[in-house]
Structures are given as C-alpha cells and as structure tokens.
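# Observations on the three-dimensional arrangement
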Protein chains: 2
Amino acid sequence: MNPFSDEKIVDSWSKNITPWIKAITNNEIESRNGITDKAILMEVINRKPTKILDIGCGEGWFVEALTKKGIEALGIDAIEQFINYAKNNRKGKYQLLSYEQLSEGLKGKLFDVIICNFSLIGEKSVNQVFESIPSLLNKKGTFIIQTLHPLFANEQTYVDGWRKGSWKGLSKEFMDPAPWYFRTLSSWSNLFNANNLQLSSIFEPKNETTNQVASIMLIGGHNK
Amino acid sequence: MNPFSDEKIVDSWSKNITPWIKAITNNEIESRNGITDKAILMEVINRKPTKILDIGCGEGWFVEALTKKGIEALGIDAIEQFINYAKNNRKGKYQLLSYEQLSEGLKGKLFDVIICNFSLIGEKSVNQVFESIPSLLNKKGTFIIQTLHPLFANEQTYVDGWRKGSWKGLSKEFMDPAPWYFRTLSSWSNLFNANNLQLSSIFEPKNETTNQVASIMLIGGHNK
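Residues numbered from 1 in each chain as written. Chains lettered and ligands numbered in written order. Predicted model: local features only at pLDDT ≥ 70, side-chain atom pairs only at ≥ 80, totals over all residues. Heavy atoms only, no water.

### Observations concerning the confidence of the model for chain A
Convention followed: Predictor confidence is given residue by residue as pLDDT, running from a minimum of 0 to a maximum of 100.
With 99% of its residues at a pLDDT of at least 70, chain A reaches an overall mean of 94. Of the two predicted TM-score estimates for the complex, the pTM is 0.92 and the ipTM is 0.88.

Written out as structure tokens, the structure reads:
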C-alpha cells in the first residue's frame, strides 16, 4: 500500500480505533477540549440548524452533542468500527459511508449545515467530499471545515502535498500514524470555487491564554 | 506623533517619495517585478473591467499599465507628491484623496474593480477603506487586496497589532520606515463581513522557482 495515499489514511485509522475512542472519551486531547470542540459547536449552534451532517464523524461525540440539543444530526464515517461504536454508545444517527459514496448514499437528503471536523486529511477523497457538497447542502446552508491551520501546520515548503503523520501528544497505544495531504490556503479556496461553492469566511480558534492558533475554520456555502 | 499610527504611516511615506519613485521606475523591488505586479495585473485584466479604482496608487505604475490597455483607471493617494508625480509622468487619471475622504470624494462613481495593492497597512484607515467600498463598487464588482501574507509577515504573536516597518532590500536612500498594522487571516475575513462584503477567494502569488509565497490576495465583492 502506498504510504502516502487516501487508502493508507483509512488503514492507519483502522488500527487506532481503541486508543482514539479512549482519548476522546477521557478528554485526552488538550486543544480539542479547550478550544476546537467548543469553536465548532458554537459555529454550528449559532446558525440554528435543523439538520446536520457530520462527515468523518469518528466515534460520534459531535453528533451526540448536537442530538442532545435537539438538532437532527447524522454522522457518516468510512470506518466500520467507529460507526458500530457510535451506534451502540452515542445518541444520534450514524451511517457507514466512504467519502466516495457520499452523493449516492445520501441521495435526496438535504442538510442545513455540513461539517468536516479534522476529517479532511486526504487527497482525492477530499475532492470527492467537495464534489458532493452542492447536492447535499440546503440552498442557504453552510459548509464548515475545521482543519490544521496551514500557517502553523506546515513544516516543509508551502506547497500542496503529502506529509507524514504523527500521534504527537497522544498515548503510547497509538501506532502507525496516518499520512495527511497538506493544502495551502489558496488550494482550499480553489476547492470551494472549483465546486461551485463559495468560501465566505475564515475563523481561527485560538487558545485565549497563549494566543496560539489551534486550527482554521473555512466557512462557505453555495455560490450565488 | 505616535510612532505606531495611521498618521505616522503617511508621515514616513512622505519622507521617501524620491527613493520610492526611483525604486519603482528602475524595477528595484524583486518580488514586485517578478511576481506580485504581474499577479495583480492578471487578476484585474482577466475580469475585463471597464472602470478601475486604485486606492493608494503611489506613483501610478498600475494605473498607467491599465490605461495603456484601454481600461479607464483612476488612482487616488493621500500623498500629494505621489499624485503630482503621477499626473505629470504617468498615463491615467489621479486624484489627491485620503482614505478618510474616499466615499465623499468619489461620491456617485462606481467601479468594476477596486484594488489596494500593498496599500492597506494602517489600522483605522483600513476600516475606512472597507466602509467606503460598498458605495463605490459595482453590483457585480470585485474588490482585490494584495498585501503581506500573514503566514510569512508575522514575526511576533499571531495577533492583530502594530509592527515596526523596514525598508529591507531597498536602497540606503530610504529612511524612517512606516509602521504597519498586522492582521490575522480571520481579521481580514471579518473586515469583509463587517462591511457587508464577502470574501470569495484567496490567491497566493509565489516565486515559481523557489515556491516561496510573495503575498496574499484577498478577493471579494458585495454580500449576496
């Protein structure tokens, strides 16, 4: 298997289901707890949506959080163990679907907000998500991506490309980190434009004490 | 005079008119020649505009370049020596106007493209430019800012604020560099939203040989 491929991402994640569920349930990831989880929750809730789609929902914490607030939330993930865990342990609806199957698997459904919370880390798979959004997003709907900030995530040249992954800051149970595909800001912006979507704002959640930026949020919708 | 103020920016520039005109006329600024000048010219020309406004036009090279292509271009600047030089030496139309006087001074005029090419370096003055844009921009018009990329321009914490200026890479005739007000990406994005404008794409001109990013272009229009 190509160590820098979308296929390898799914393979790596499949090997880390147990420690990941433990890390999320025990709040082991500092930047998530304090900053990025709250930031995406607020961005979504402030829009008062009725129906939400969480693409790459993992073990389902976000879908559960929204469901508890009375919002109809559906989580999809390509990894069966995550979907099984979520169905058995989390409130909300879950469906096993790869990013490639999105349009077909959710045909006819429309969402007010679609989020990808640290779940767009591949190459072609990310293009496929973007291609699916127009058919799944309500006319006035919002597409929200939270991801590694290209300002602070980039250790090499500022050019799109595959990077080695790391489980830095997580427990020793984690193994074989997934690679990820770095994108410059303009490449993210182009993904919106190329798919008849429009990037409309950028938000940078940060640690209010240290002023350190924790992530970037790219917020957009249909091209008008 | 406060060394970190909009007033100080105009004061510093006023002391460097002669070396600046020399630098531009002799193509002394490498990143401009090779990359950023071409990038903004292409962004503008590709839109096939009829009427252009260049805010902070300086000695007028850009207005002249557009005028030579048959586009009706108006340059405004707060510094009288620049406007006098441009009127006497450059093709195109020029008007002495501070950023504060924009709306009033150009009342009733509408432009297809409004550009600010490395000319939004202040604090309140930049807010004033943004406040003026909605009344000066055609319904389907485009507002293009080219500026220092916050990824590479930031030497301190990633927080909005005044920074010391520098004439790095320029001749020894330059003195008393103008301070500038650093803005994070999300602050730029907020400026669009706060003024009923919409950021619609981001472009990062770069040196194709070294892959080094030379600037950021923030492109937007009316909120729809």
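More follows now that the structure is in view.
### Some thoughts on the interface of chain A and chain B
Counted only if it meets this: Note on contacts: a residue pair is in contact if any heavy atoms of the two residues lie within 4.5 Å. In short, buried area is how much 1.4 Å probe accessible area vanishes from two parts on joining, totalled over both. Throughout this description, the term salt bridge denotes a Lys or Arg side-chain nitrogen within 4 Å of a carboxyl oxygen of Asp or Glu. Here a polar contact is recorded for every N or O atom pair within 3.5 Å, except that within protein the pair must consist of a potential hydrogen donor and a potential acceptor, and residues adjacent in sequence are included only if both atoms are side-chain atoms.
Across the contact, 25 residues belong to chain A and 25 residues belong to chain B. Carbon and sulfur atoms make up 59% of the area that chain A and chain B hide from each other, which totals about 1,900 Å². Interface area lost by chain A to chain B is led by L151, Y158 and I202 of chain A, which between them contribute 27%. The interface formed by chain A and chain B includes zero salt bridges. Between the two partners, chain A and chain B, sit eight residue pairs in polar contact (both at pLDDT 80 or more).

### So, the packing of helix α7 (residues 124-136) of chain A against helix α8 (residues 185-194) of chain A
Residues and elements named next belong to chain A. Filter applied, for reference: Each axis is a line fitted through C-alpha atoms, taken for helices only over the stretch in contact, and angles between the N-to-C directions span 0 to 180 degrees. Starting at the N terminus, helices and strands are each numbered in turn, a helix being any DSSP run of H or I of at least four residues and a strand any DSSP run of E of at least two. Note that the term roughly parallel is reserved for angles under 35 degrees, roughly antiparallel for angles over 145, roughly perpendicular for angles of 65 to 115, and oblique for everything else. Crossing chirality is assigned from the near helix's rotation relative to the far helix, an anticlockwise turn below a right angle marking it left-handed and a clockwise turn marking it right-handed. In this classification, the charged set is Asp, Glu, Lys and Arg, the nonpolar set is Ala, Val, Leu, Ile, Met, Phe, Trp, Tyr, Cys and Pro, and all remaining amino acids, among them Gly, are polar.
It is the contact of α7 with α8, at a shortest axis distance of 9 Å, that shows an interaxial angle of 40°. Considering their axes alone, α7 and α8 lie oblique with respect to each other. The handedness of the crossing between α7 and α8 comes out as right-handed. Contacts between α7 and α8 involve V126, N127 and F130 on the former and, on the latter, W188, L191 and F192. Of the residues in the contact of α7 with α8, the class split is five nonpolar, one polar and no charged.

### A few points about the sheet that holds strand β4 (residues 111-117) of chain B
All names here are of chain B. We apply this condition: Here, strands pair whenever DSSP counts at least two bridges between them.
Pairing is mixed in the open sheet, where seven strands are placed in the order β3-β2-β1-β4-β5-β9-β8. Edge positions in the open sheet fall to β3 (93-96) and β8 (197-203), since each of these has one partner strand only. Averaged over all pairs of adjacent strands, the angle between their axes in this sheet comes to 20°, without regard to strand direction. Where strand β1 (residues 51-55) meets strand β2 (residues 72-77), five bridges bridge the pair, whose relative direction is parallel. The residue bridging K51 from the neighbouring strand is E72, located in β2. Each of β1, β4, β5 (137-147), β8 and β9 (216-222) touches helix α3 (residues 30-45); the most contacted strand, β5, lies at about 170° to it.

### Digging into the pairing of strand β1 (residues 51-55) of chain A
Walk down a regular strand and you will see the side chains alternate between the two sheet faces. All names here are of chain A. Going by this rule: We call a residue buried when its accessible area falls under 20% of the maximum for its residue type, exposed when it is over 50%, and partly exposed in between, using a 1.4 Å probe and counting protein chains only. Crossovers are marked right-handed if the path from the first strand over the helix to the second runs clockwise, as seen with the strands pointing away from the viewer.
Among the five residues in β1, four count as buried, and that is most of the element. In this region the chain leaves β1, passes through helix α4 (residues 61-68) and returns to the parallel neighbour strand β2 (residues 72-77); the handedness of that crossover is right-handed. Inspection of the sheet shows β1 paired to strand β4 (residues 111-117) by three bridges, in the parallel sense. Its bridge partner lying in β4, I52 is registered against V113.

### A look at the relation of the copies chain A and chain B
Filter applied, for reference: Overlaid copies result from least-squares superposition on C-alpha atoms, with residues included only where pLDDT is at least 70 in both.
When chain A is brought onto chain B, the operation consists of a screw motion whose angular component is 180° and whose axial shift is 0.0 Å, with 0.0 Å RMSD remaining. Taken together, these values place the two copies in the relation of a two-fold axis. Comparing contact sets, 100% of the residues at the interface of chain A also lie at the interface in chain B, consistent with an isologous, same-surface contact.

### Structural notes on the packing of α3 of chain B against helix α4 (residues 61-68) of chain B
To characterise two packed helices, one gives the angle between the axes of the helices and the distance between these axes. Residues and elements named next belong to chain B. α4 packs onto α3 with a crossing angle of 50° between their chain directions and a minimal axis gap of 11 Å. Classified by the angle between their axes, α3 and α4 sit oblique to one another. You can see that α3 and α4 cross each other, and the crossing is right-handed. Counted together, R32, D37, I40, L41, V44 and I45 of α3 and W61, F62, A65 and L66 of α4 form the full contact between these two elements.

### Observations regarding empty space enclosed by the protein
All names here are of chain B. What counts, and what does not: Space inside and on the surface of the protein is sampled on a 1 Å grid over the protein atoms alone, with a cavity defined as a set of points where a 1.4 Å probe fits but cannot get out and a pocket as an open set with protein on both sides within 12 Å along at least 5 of 7 lines; lining residues have an atom within 4 Å of a point. Grid points are joined across faces, edges and corners, and a volume is the space filled by probe spheres set on the points.
Per the counting criterion, the structure on display carries one cavity of 30 Å³ or more. Here the largest cavity is characterised by a volume of approximately 80 Å³. Along the walls of the largest cavity sit L120, I121, T147, L148, P150, W180, Y181, F182, R183 and W188, which together make up its complete lining. Looking at the lining of the largest cavity element by element, the count peaks at three residues for strand β7 (residues 180-182). Tallied by class, residues from the lining of the largest cavity come to eight nonpolar, one polar and one charged.

### So, the side chain of D37 of chain A
All names here are of chain A. How we decide: His is not counted here, nor are the chain ends, while Lys and Arg score as positive and Asp and Glu score as negative.
Here D37 shows up in helix α3 (residues 30-45). Despite its burial, D37 remains without a salt bridge, the nearest opposite charge being carried by R32 at 4.8 Å. When near neighbours in sequence (up to four residues on either side) are disregarded, D37 contacts R32 and W61.

### Brief notes about the packing of aromatic side chains
To be explicit about the condition: The criterion for an aromatic pair is that two Phe, Tyr or Trp rings (for Trp, the six-membered ring) have centres within 6.5 Å, with stacked assigned to planes under 30 degrees apart, edge-to-face to planes over 60 apart and tilted to the rest. In this scheme, Lys NZ or Arg CZ marks a charge over a ring once it lies within 6 Å of the ring centre and within 35 degrees of the ring normal.
Enumeration according to the criterion identifies 28 aromatic pairs over all chains in this entry. Taking 5.8 Å as the distance between ring centres and 70° as the angle between the ring planes, the aromatic pair formed by Y158 of chain A and F182 of chain A counts as edge-to-face. One end of the pair, Y158 of chain A, is in the loop between β5 (137-147) and β6 (161-163); the other, F182 of chain A, is in strand β7 (residues 180-182), and 24 residues separate them in sequence. Across the pair, F182 of chain A and Y158 of chain A agree in class, each one buried. Judged by centre distance (5.5 Å) and plane angle (75°), the ring pair of W162 of chain B and Y181 of chain B falls under edge-to-face. Of this pair, W162 of chain B sits in strand β6 (residues 161-163) while Y181 of chain B sits in strand β7, placing them 19 residues apart in sequence. Owing to a relative accessible area of 19%, W162 of chain B belongs among the buried residues under this scheme. Three or more aromatic residues joined by ring pairs make a cluster, and in this case those are W13, W20, F82, W167 and F174 of chain A. Its end group placed over the ring of W188 of chain A, R183 of chain A keeps NZ or CZ at 5.6 Å from the ring centre.

### Let's talk about the sheet that holds β1 of chain A
Spatially, β3-β2-β1-β4-β5-β9-β8 (chain A) is the arrangement adopted by the seven strands of the open sheet, whose pairing is mixed. If you trace the sheet from one side to the other, it starts and ends with β3 (93-96) and β8 (197-203) of chain A, each paired once. Between one strand and the next, the sheet's axes are offset by a mean angle of 20°, whatever the strand orientation. Strand direction decides the pairing type here: β2 of chain A and β3 of chain A, joined by four bridges, are parallel. Bridge assignment links L74 of chain A to a residue of β3 of chain A, and that residue is K93 of chain A. Along the sheet, helix α8 (residues 185-194) of chain B makes contact with β8 and β9 (216-222) of chain A, crossing β8 of chain A at roughly 120°.

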